[in-house]
Amino acid sequence: MYVCSCFGITEKQVQEHAASGACTPRQIAGACKAGTDCGSCVRRIQALLGRGACPRRELLDQGESAAVLAADPAPAVPIASRAA
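Residues numbered from 1 in each chain as written. Predicted model: local features only at pLDDT ≥ 70, side-chain atom pairs only at ≥ 80, totals over all residues. Heavy atoms only, no water.

Participant: Would you take a moment to explain the side chain of E11 for this structure?
Facilitator: Note on placement: E11 falls in helix α1 (residues 11-19). Residue E11 is classed as buried on the basis of its relative accessible area, which comes to 19%. Look past the residues within four positions of E11 in its chain and what remains in contact with it is M1, V3, R44 and L48. (Helix = DSSP H or I, 4+ residues; strand = E, 2+ residues; numbered from the N terminus. Buried < 20%, exposed > 50% of the residue type's maximum accessible area, 1.4 Å probe, protein only. Contact = heavy atoms within 4.5 Å.)

This is the structure we're talking about:
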């Protein structure tokens, strides 16, 4: 079944990207553009990803933020020095 009509992305494709490490709708969008045009599929993508679908998200839930942050690229500007 299609999730994103704009780009012809199926549930299976979203699940494959998730299995490859895409844990958020934004990461799915980066992998295949789903959710970047009209946006009507973003909630369906969120539902497909589920709450525990991402190992990194599970680490965050357990309070392992240091391990997760070490795996992600650092922000260009340190959080403490960003303007509100």
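After that view of the structure, there is still more to cover.
Participant: Would you take a moment to explain the packing of α1 against helix α3 (residues 42-49) for this structure?
Facilitator: One can describe the packing of α1 onto α3 by two numbers: an axis separation of 10 Å at closest approach and a directional angle of 55 degrees. By the angle between their directions, the pair α1 and α3 is classed as oblique. Read as a crossing pair, α1 and α3 show a hand that is right-handed. Counting all contacts with α1, which are made through E11, V14, Q15 and A18, the residues of α3 involved are R44, I45, L48 and L49. Here the residues of the contact of α1 with α3 are counted per class, giving 5 nonpolar, 1 polar and 2 charged. (Axes fitted to C-alpha atoms, helices over the stretch in contact; angles between N-to-C directions. Parallel < 35°, antiparallel > 145°, perpendicular 65-115°, else oblique. Left-handed = near helix turned anticlockwise from the far one by under 90°. Nonpolar A, V, L, I, M, F, W, Y, C, P; charged D, E, K, R; others polar.)

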